[in-house]
There are 4 protein chains.
Amino acid sequence: MTAATPTPPAEEPRPSRVAFIGLGTMGMPMAVNLVKAGFQVTGYNRSPQKTERFAAQGGAAADSVAAAVRGADAVITIVPDSPDVEAVLLGADGVFAHAAPGTLVIDMSTIRPDTARAVADEGAARGLRVLDAPVSGGEPGAIEGTLSIMVGGAEADVQAARPVLEAMGSTVVRVGPSGAGQTVKAANQLIVAGNIQLVAEALVFLEAHGVDTERACTVLGGGLAGSTVLNRKGPAMRERSFQPSFRAELHHKDLGIVTAAAREAGVALPVATLVAQFMGALKAQGHGDLDHSALLLLVERLSGRAPR
Amino acid sequence: MTAATPTPPAEEPRPSRVAFIGLGTMGMPMAVNLVKAGFQVTGYNRSPQKTERFAAQGGAAADSVAAAVRGADAVITIVPDSPDVEAVLLGADGVFAHAAPGTLVIDMSTIRPDTARAVADEGAARGLRVLDAPVSGGEPGAIEGTLSIMVGGAEADVQAARPVLEAMGSTVVRVGPSGAGQTVKAANQLIVAGNIQLVAEALVFLEAHGVDTERACTVLGGGLAGSTVLNRKGPAMRERSFQPSFRAELHHKDLGIVTAAAREAGVALPVATLVAQFMGALKAQGHGDLDHSALLLLVERLSGRAPR
Amino acid sequence: MTAATPTPPAEEPRPSRVAFIGLGTMGMPMAVNLVKAGFQVTGYNRSPQKTERFAAQGGAAADSVAAAVRGADAVITIVPDSPDVEAVLLGADGVFAHAAPGTLVIDMSTIRPDTARAVADEGAARGLRVLDAPVSGGEPGAIEGTLSIMVGGAEADVQAARPVLEAMGSTVVRVGPSGAGQTVKAANQLIVAGNIQLVAEALVFLEAHGVDTERACTVLGGGLAGSTVLNRKGPAMRERSFQPSFRAELHHKDLGIVTAAAREAGVALPVATLVAQFMGALKAQGHGDLDHSALLLLVERLSGRAPR
Amino acid sequence: MTAATPTPPAEEPRPSRVAFIGLGTMGMPMAVNLVKAGFQVTGYNRSPQKTERFAAQGGAAADSVAAAVRGADAVITIVPDSPDVEAVLLGADGVFAHAAPGTLVIDMSTIRPDTARAVADEGAARGLRVLDAPVSGGEPGAIEGTLSIMVGGAEADVQAARPVLEAMGSTVVRVGPSGAGQTVKAANQLIVAGNIQLVAEALVFLEAHGVDTERACTVLGGGLAGSTVLNRKGPAMRERSFQPSFRAELHHKDLGIVTAAAREAGVALPVATLVAQFMGALKAQGHGDLDHSALLLLVERLSGRAPR
């Protein structure tokens, strides 16, 4: 936790029983970290194998959303896209239908800010305390518990959720009211995609000039051009190793959120929008399952430099 | 110095007498750091006040290039643009006309890679050992001696120049033959301009959505969106404080080098080129003397959000 | 009609009674042209003044969609956006609820292709013959009856609708099945916006160089750079006269359709997308009510050339 | 000739003897049209075969620039690029060294406006009357004598040159002083490249949606999206027929002029610059010898739709 925050009021008890819905690449290690931190965690996933695997790591297994939510102080959801969040929260057999009034409902998926706001309003009407809390840091951050978590919702609800969130991330910041977490996540995805594209253009430029890119990256990283993308993705990009830590097709989905949210707010994002076209092109070229840093392939093909 | 390098051959003596031509915002503190490191430094600048100011800080003052260069083991030049470099090196009364064979000539200006190569060839024909060694890190890095220095030239010449360069920078990397230093500097300027533009787009996007950008930057910096630009420039951008540490008009000049060098190499840089247009627009709008991070002003005006 | 088409089967009678819903800037003159061509036209508009004005020009006035649709052989709708089309066609008191099986339902609004397909499917399930038939040519084309009409739907239905459509347009082309008309209209709006932007960039470029743009446009129009945009919009752009014949905010809406449809099809449109950002910026700057050719203002401000 | 122009003063005799230097794809038919119009034309080309071919069509053959220029009232040059123009005009054995004072020197090459101005100044200092008069219309226009000719230079000199120019083009317009012809040609190339890119994006978009593009082009051409590019290039683009009428690599060269001239004037051209990157990419991909309309290939590959 990096931002100073006031002590929560004494009377708010620490959540102890957590329902965790969505045990995918990100969700599984996050739920396991909650178990390790001493929470009683009941997990649910559409495919029961994952729920079983979670049970093998100290969690409890539920065979329905209702069963997972029953008796929980906090419910966490992390699913692929806006319609999935709407289904799991608002559906006839969803979280809102079964959670007790006062329950913390923390959606950690990456979805549209306006969907997050609508869902939070719907929850509030039922007496639930809904937060949007998307994450940055990828699978490594989920495993290590070092995620950055950007939270939108009421100050008191964020405070109440802090013990849970801090078991999963090292940077937990309330960035504003409902939807604000998703807005910041959108900004995050905008910058990350752009930084990848710029490193890709720089590498292709340097290679075309015959420069040693390993040495170049060392010196670039030491100056104002340094970035987490350059540090973490640069070496693999130089070696054309695109094992996915975050798939291009997911980043494409997220950039759709960025452009929609920018349109809604009346903001022009010329460079981000252009990068979004290239991420979409990468997917259209059949590389949606590569790491998003495979934008490098697109840049080098554009200049006729691809291996054929 | 971050890159491991072989020990220089024993017989090469450490340069002791250095001529330093160009005592501007960057050159002056760099020359002073050489004095502090124990070199005998003779400075020259077109405007004699600067030469005098250098003399007041322990340097020797020369009233001509010829006088500065006479007897020097190494000559450093750092002047604004390609034509200035050509004038000071190749001119009738320039460095090449007066330097003794075997002298190290280290040009630390930011210029076109092809000009750097041409100048090095010309120097080699006269028995001089010419390096291109542009820097990154700005005025603070020049003062603190923590510049990143990207060097192009023969391995032995770079080794010979290391003691001099390491008195001015903390990262000194030979990135290839003549011109390679300038190529890497071009890549540096490409990435930096792009990163500024992306942070600007993200900030305007967040402000339009009413998000607290200070908290947002905290959490963005902790994830994959983190960058030196976000850390160093973000706070001032949020406050619209554009006191120049590097002027937009200079970055515009440098992006001209990037696009020319990309064209020469047959490389397409769609995003970098678009950013270059915006940096040019910022200058055209009369803001060339602001810090390059003032790209933020352009982005917010584009979306009709500028203070009128 | 420019495309050769087979003679319609003899047994299909020419529609004679037409319901016309949406008597706006475009709809009114289109409906009047139907009256002039001898059709019995019953008009309906949400604001009754427009319905009355239509009655004064030879049409019949209806005070509800139901009343307009009753007994009609063909129903034409032309309303602002996708939700309006859904409301007027699918609503409880809408066209589909009241039209007799076999009725031709011709939507001439500009909407999303997927909405057009969905609506056509819904209509088919009720025995209606739905076409999407958006138009190009603006208010002048609507008045003169020289619109270009791009039609999607079944061949036989398009043939049956031809007499009606040819009373409003001089180019009536079936471009494919349901939704294809809207897809072609999207392509039309893509090209038009782009051509305006290019003429704007060219004019600002020429003005900055002090060239007489009137003479320049004459010679540009005579070569490969010639376009309908240059001919029709160029003179007003040169004079900064932006009385709307098509408002920027409507073009912004249409470019949202383009980018959504491109995303759906997995197509990258880098230049169109960038132009769409600028059209959005024009609206965000408060100029959504100017003609779309006011992109010129944005281009000149970008280069600091705007009158302040 | 489309623009009204005052009658030339009576005392200026019509040029009768013309030297024509540069008998390439464009130059040869232009020179032949001068012969047909009754001028005495002496041709020169570096490769003597072309000069001989010209002689076979009624021209006189010269074996040097000096021989061609001797006794000419007007000298026309049309060569590939700026350095070629400088060589043929300013070289030791060039046009300026041999032309008599008062001679009209009409350069019809496409070069940088600043080079055109410099050359004109140099010519004026020797008493020559230099015009820049680049053309649009391609090989067909050169053969048919229907070129658009955009002329920069003094009004009286343009008047004197009119009889010569009107033998080659149907639109001859003085657009301003020296260099203005080249500036307008640059604007022409900006618009043409952009229009090609937009038609390419529209076609790929339509194909991806399964629309019949022949019918679509018919209806697009009838509305505001119509353009000379769509009419002349559209059919071949649909059929992927890229026999060059104007090679992509030449257009790439011309777009380099556009971006340099925009930079010189402090004008931002975001869309034109992006298109220029794609034209450069097309060349880098090895397609520089295809027609410039092959931008379509690049657009479809970007979206993964290329035939492999």
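Residues numbered from 1 in each chain as written. Chains lettered and ligands numbered in written order. Predicted model: local features only at pLDDT ≥ 70, side-chain atom pairs only at ≥ 80, totals over all residues. Heavy atoms only, no water.

**Focus: the overall build of chain A**
Part 1 of the reasoning: When helices and strands are counted, chain A shows 14 helices and nine strands.
Part 2 of the reasoning: Over its C-alpha atoms chain A spans a radius of gyration of 20 Å, differing by no more than 12% from the 19 Å that the globule rule assigns to 308 residues.
Part 3 of the reasoning: Taken along the three principal axes of its C-alpha coordinates, chain A extends 65 × 45 × 35 Å.
Part 4 of the reasoning: Expressed as a percentage of the 308 residues in chain A, the buried residues total 60%.
Part 5 of the reasoning: Across chain A, contacts joining residues at least 24 apart in sequence account for 67% of those joining residues at least 6 apart.
Part 6 of the reasoning: When the accessible surface of chain A is totalled, it reaches about 10,700 Å², and 50% of it is carbon and sulfur. (Helix = DSSP H or I, 4+ residues; strand = E, 2+ residues; numbered from the N terminus. Rg over C-alpha atoms; globule rule 2.2 N^0.38 Å. Buried < 20%, exposed > 50% of the residue type's maximum accessible area, 1.4 Å probe, protein only. Contact = heavy atoms within 4.5 Å. Areas by Shrake-Rupley, 256 points an atom, 1.4 Å probe, with all protein chains shown as cover.)

**A few points about the UniProt feature "domain: 3-hydroxyisobutyrate dehydrogenase-like NAD-binding" (unreviewed entry) in chain A**
Part 1 of the reasoning: Taken from the UniProt record, the annotation "domain: 3-hydroxyisobutyrate dehydrogenase-like NAD-binding" (unreviewed entry) applies to residues 179-297 of chain A.
Part 2 of the reasoning: The distance separating the terminal C-alpha atoms of residues 179-297 of chain A is 34 Å; by composition the span is 74% helix and 0% strand. (UniProt positions renumbered as here; feature names shortened; annotations may be inferred.)

**Some thoughts on the interface of chain B and chain A**
Part 1 of the reasoning: Contacts between the two partners involve 65 residues from chain B, matched on the other side by 65 residues from chain A.
Part 2 of the reasoning: Here chain B meets chain A over a buried area of about 5,700 Å², counting both sides, of which 73% is carbon and sulfur.
Part 3 of the reasoning: Where chain B touches chain A, the interface holds zero salt bridges.
Part 4 of the reasoning: Scanning the region where chain B abuts chain A turns up 16 residue pairs in polar contact (both at pLDDT 80 or more).
Part 5 of the reasoning: Every element with two or more residues in the side of chain B that touches chain A is listed here: strand E8 (147-152), strand E9 (169-176), helix H9 (180-208), helix H10 (213-221), helix H11 (228-238), helix H12 (248-265), helix H13 (270-287) and helix H14 (295-302) of chain B.
Part 6 of the reasoning: With 19 residues, the single largest contributor to the side of chain B that touches chain A is H9(B). (Buried area = accessible area lost by both parts, 1.4 Å probe. Salt bridge = Lys/Arg side-chain N within 4 Å of Asp/Glu carboxyl O. Polar contact = N/O pair within 3.5 Å; in protein donor to acceptor, adjacent residues only side chain to side chain.)

**Examining the pattern of salt bridges**
Close approach of charged atoms lets side chains of opposite charge pair.
Part 1 of the reasoning: Taken as a whole, this structure holds 48 salt bridges over all chains when the rule is applied.
Part 2 of the reasoning: B:Arg117 serves as the salt-bridge partner of B:Glu264, at 3.1 Å between the closest nitrogen and oxygen. With a gap of 147 residues between them, B:Glu264 in helix H12 and B:Arg117 in helix H6 (residues 113-125) connect regions that are remote in the sequence.
Part 3 of the reasoning: Here B:Glu264 falls in the partly exposed class, since its relative accessible area comes to 44%.
Part 4 of the reasoning: B:Arg117 gets classed as partly exposed once you look at its relative accessible area, which sits at 28%.
Part 5 of the reasoning: B:Arg240 serves as the salt-bridge partner of B:Glu300, at 2.9 Å between the closest nitrogen and oxygen. Placement of B:Glu300 in helix H14 and of B:Arg240 in the loop between H11 and H12 is noted, with a sequence separation of 60 residues between them.
Part 6 of the reasoning: One salt-bridge network, held together by shared partners, links A:Glu207, A:Arg240 and A:Glu300.

**Section: the relation of the copies chain D and chain C**
Part 1 of the reasoning: Between the two copies, chain D and chain C, the superposition gives an RMSD of 0.0 Å; the rotation angle is 180° and the shift along the axis is 0.0 Å. Considering both components of the superposition, the chain copies are consistent with a two-fold axis. It is D:Ser227 whose C-alpha, among those of chain D, lies nearest the rotation axis, at 1.9 Å. (Least-squares fit on C-alpha atoms with pLDDT ≥ 70 in both.)

**A look at the side chain of D:Asp254**
Part 1 of the reasoning: With respect to the secondary-structure elements, D:Asp254 resides in helix H12 (residues 248-265).
Part 2 of the reasoning: Not counting chain neighbours up to four residues away, the residues in contact with D:Asp254 comprise D:Thr110, D:Gln189 and D:Phe246.

**Considering the packing of helix H9 (residues 180-208) of chain D against helix H11 (residues 228-238) of chain D**
Residues and elements named next belong to chain D.
Part 1 of the reasoning: At a minimum axis separation of 11 Å, H9 and H11 run at an interaxial angle of 45°. Judged on the interaxial angle alone, H11 and H9 are oblique. Of the two elements, H9 crosses H11, and the hand of that crossing is right-handed. Judged by residue contacts, Val-192, Asn-195, Ile-196, Val-199, Ala-200 and Leu-203 of H9 engage Val-229, Leu-230, Met-237 and Arg-238 from H11.
Part 2 of the reasoning: Along the lines of polarity and charge, the residues of the contact of H9 with H11 split into eight nonpolar, one polar and one charged. (Axes fitted to C-alpha atoms, helices over the stretch in contact; angles between N-to-C directions. Parallel < 35°, antiparallel > 145°, perpendicular 65-115°, else oblique. Left-handed = near helix turned anticlockwise from the far one by under 90°. Nonpolar A, V, L, I, M, F, W, Y, C, P; charged D, E, K, R; others polar.)

**A short note on the interface of chain D and chain C**
Part 1 of the reasoning: Residue-level contacts link 65 residues of chain D with 65 residues of chain C.
Part 2 of the reasoning: For the chain D and chain C pair, buried surface summed over both sides reaches about 5,700 Å², with 73% attributable to carbon and sulfur atoms.
Part 3 of the reasoning: Seen at the junction of chain D and chain C, the total is zero salt bridges.
Part 4 of the reasoning: Run the count over chain D and chain C and you get 16 residue pairs in polar contact (both at pLDDT 80 or more).
Part 5 of the reasoning: Secondary-structure elements contributing two or more residues to the side of chain D that touches chain C are strand E8 (147-152), strand E9 (169-176), H9, helix H10 (213-221), H11, H12, helix H13 (270-287) and helix H14 (295-302) of chain D.
Part 6 of the reasoning: No other element matches the 19 residues that H9(D) contributes to the side of chain D that touches chain C.
Part 7 of the reasoning: When the residues that make up the side of chain D that touches chain C are grouped by side-chain class, the tally is 39 nonpolar, 19 polar and seven charged.

**Thoughts on the pairing of E9(B)**
Residue and element names in this part refer to chain B.
Part 1 of the reasoning: With seven of eight residues buried, E9 is to be regarded as a mostly interior element.
Part 2 of the reasoning: As defined by bridge partners, E8 adjoins E9 across six bridges and the pair is classed as parallel. By the bridge assignment for E9, Leu-147 is matched with Gly-169.
Part 3 of the reasoning: In this fold, E8 hands off to helix H8 (residues 155-166), which returns the chain to E9; that crossover is right-handed. (Pairing = 2+ DSSP bridges. Right-handed = clockwise from strand over helix to strand, strands pointing away.)

**Brief notes about the nonpolar core**
Part 1 of the reasoning: One finds A:Val184, B:Val184, C:Val184 and D:Val184 to be the most contacted residues of the largest nonpolar core, which totals 220 residues.
Part 2 of the reasoning: Among residues more than four places away in sequence, those in contact with C:Val184 are C:Met150, C:Val175, D:Leu206, D:Val211, D:Ala216, D:Val219 and D:Leu220.
Part 3 of the reasoning: Judged by nonpolar contacts, the second largest core, of 34 residues, contains C:Phe20, C:Leu34, C:Ile76 and C:Met108. (Core = buried A, V, L, I, M, F, W, Y, C linked by side-chain atoms within 4.5 Å.)

**Quick look at the environment of B:Ala116**
Residue and element names in this part refer to chain B.
Part 1 of the reasoning: Relative to the helices and strands, Ala-116 is located in helix H6.
Part 2 of the reasoning: The exposure class assigned to Ala-116 is buried, which follows from its relative accessible area of 7%.
Part 3 of the reasoning: The spacing of Ala-116 and Ala-133 is 17 residues in sequence and 9.8 Å in space, taken between C-alpha atoms.
Part 4 of the reasoning: Residues within four places of Ala-116 in sequence aside, it is in contact with Ile-111, Asp-132, Gly-179 and Gln-182.

**Overview of helix H4 (residues 82-90) of chain A**
Residue and element names in this part refer to chain A.
Part 1 of the reasoning: Three or more residues of H4 are buried, namely Ser-82, Val-85, Val-88 and Leu-89. Here the buried residues of H4 occupy an arc of 135° about the axis, which is enough to place them on one side.
Part 2 of the reasoning: Check the buried side of H4 and you find it contacts strand E1 (17-21), helix H3 (65-69), strand E4 (74-77), helix H5 (95-98), strand E5 (104-107) and helix H6 (113-125). (Arc of directions from axis to C-beta.)

**Section: the domain arrangement of chain A**
All names here are of chain A.
Part 1 of the reasoning: Here the domain parsing of chain A yields domain 1 (17-178) and domain 2 (184-302).
Part 2 of the reasoning: Placing a centre on the C-alpha atoms of domain 1 and another on those of domain 2 gives a separation of 29 Å.
Part 3 of the reasoning: Each partner contributes to the interface: domain 1 provides 14 residues, whereas domain 2 provides ten residues.
Part 4 of the reasoning: Approximately 1,000 Å² of surface area, both sides summed, lies buried where domain 1 meets domain 2, with 60% of it carried by carbon and sulfur atoms.
Part 5 of the reasoning: The largest contributions to the domain 1 side of the interface with domain 2 come from Thr-110, Arg-112 and Met-150, which together make up 37% of the buried area.
Part 6 of the reasoning: Counting the contacts that link domain 1 with domain 2 gives one salt bridge.
Part 7 of the reasoning: On inspection of domain 1 and its partner domain 2, the count reaches six residue pairs in polar contact (both at pLDDT 80 or more).
Part 8 of the reasoning: Going through the elements one at a time, H6 and strand E7 (135-136) are the ones with two or more residues in the side of domain 1 that touches domain 2. (Domains from an automatic or database assignment.)

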